[in-house]
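Tertiary structure, described
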Amino acid sequence: MGFSAQPNWDEQYRIGETPWDKGEAAPPLATWLRGHPGSMTGTVLVPGCGTGHDVRAIAAAEPTSKPIGLDLSPAAITACQRHPQRAAEQYCVGDLFALPETLRGTCDWVWEHTCFCAIDPNRRDEYVAAVATALKPGGQLLGIFYLDPYRGDHQPGGGPPHGCTLDELRQRFTGAGRFSVEAAEPPADCYPERAGRELLLRLSRR
Ligand SMILES: C[S@@+](CC[C@H](N)C(=O)[O-])C[C@H]1O[C@@H](n2cnc3c(N)ncnc32)[C@H](O)[C@@H]1O
């Protein structure tokens, strides 16, 4: 299946066309961090971090964590770097599908939010391989997955966000034996328009 209408992400940031950027950390992440103090520690990779709201929220909530925001877009990473930074926060221009050596097998956590739904669905197995490569054995992937952004329909033009199902996620993440599912449930918090359309998934790297 072709999904040719993938955005030019950097251009979108440069011209300020970023409707996904709500100017704050994802509500399900903020709520999860409050409810699980002391959990998201060590090196935390945030793929497709955009302008870094989630990275800053993790750094603020867990002072011993080392959150690393990775994004294809130099303009997004420049925006991240304009914010006052905590010592442990890091940002990196890079492609999740060509992970820098320093991010291979070095991460305790991956926080996923609106990166999986943004990539070409034909590359989802590559996404799974990339996050598995980033994590240490026993490392955790916590993510919000957009199940049904268009209520069963597709965005005109076929661009992101692209939906998914729990069955697909289970098959992709556990199928090659890389992950086991620790939790799959509706997030405790979300944007009102996304209620019932997101899934919080916690996976352990085998
Ligand atoms: C829909 S935006 C979400 C950004 C951010 N998570 C947020 O919620 O504001 C998707 C992001 O993924 C980034 N991205 C897309 N493909 C990527 C890849 N292969 N590697 C790294 N980042 C990628 C884009 O540049 C963009 O910032």
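Now for a quick tour of the structure. (Residues numbered from 1 in each chain as written. Predicted model: local features only at pLDDT ≥ 70, side-chain atom pairs only at ≥ 80, totals over all residues. Heavy atoms only, no water.)

Focus on the overall build of the chain
Helices and strands together make up the secondary structure of the chain, namely six helices and seven strands. Across the chain, helices and strands are ordered from the amino to the carboxyl terminus as α-α-β-α-β-α-β-β-α-β-α-β-β. Viewed in the frame of its principal axes, the chain has a C-alpha envelope of about 40 × 40 × 35 Å. Expressed as a percentage of its 206 residues, the buried residues of the chain come to 47%. Long-range contacts, defined here as pairs at least 24 residues apart, represent 70% of the contacts in the chain between residues at least 6 apart. Counting only carbon and sulfur atoms, one obtains 50% of the accessible surface of the chain, whose full area is about 9500 Å². (Helix = DSSP H or I, 4+ residues; strand = E, 2+ residues; numbered from the N terminus. Buried < 20%, exposed > 50% of the residue type's maximum accessible area, 1.4 Å probe, protein only. Contact = heavy atoms within 4.5 Å. Areas by Shrake-Rupley, 256 points an atom, 1.4 Å probe, with all protein chains shown as cover.)

Focus: the nonpolar core
Counting residues in each nonpolar core, the largest one holds 27 residues, and the members touching the most others are Tyr127, Leu141, Phe145, Leu169, Phe173 and Phe179. Not counting residues up to four positions away in its chain, the partners in contact with leucine 169 are Phe116, Phe145, Cys164, Thr174, Leu199 and Leu201. Counting residues in hydrophobic clusters, the runner-up holds 20 residues, among them Met40, Trp111, Leu142 and Leu200. (Core = buried A, V, L, I, M, F, W, Y, C linked by side-chain atoms within 4.5 Å.)

Let's talk about the site of the ligand
Near the ligand, the surroundings consist of 15 residues, among which Tyr13, Gly48, Asp71, Asp95 and Thr114 are the closest. Here a nitrogen atom of the ligand sits 3.3 Å away from a polar atom, N or O, in the main chain of leucine 72. Within the backbone of histidine 113, one N or O atom sits 3.0 Å away from a nitrogen atom of the ligand. When isolated, the ligand has an accessible area of 590 Å², and the protein chains bury 93% of it. Residues of the shell around the ligand, tallied by class, amount to eight nonpolar, five polar and two charged. (Near = heavy atom within 4 Å. Polar contact = N/O pair within 3.5 Å; in protein donor to acceptor, adjacent residues only side chain to side chain. Nonpolar A, V, L, I, M, F, W, Y, C, P; charged D, E, K, R; others polar.)

Some thoughts on the side chain of arginine 56
When you line up the elements, arginine 56 lands in helix α3 (residues 53–61). Of the buried charged residues, arginine 56 lacks a salt bridge, with glutamate 89 as the closest side chain of opposite charge at 5.1 Å. At 3.0 Å, the side chain of arginine 56 and the backbone oxygen of threonine 51 are in polar contact. Dropping the residues within four chain positions of it, arginine 56 is found in contact with Thr51, Cys80, His83, Arg86, Glu89 and Tyr91. (Lys, Arg positive; Asp, Glu negative; His and termini not counted. Salt bridge = Lys/Arg side-chain N within 4 Å of Asp/Glu carboxyl O.)

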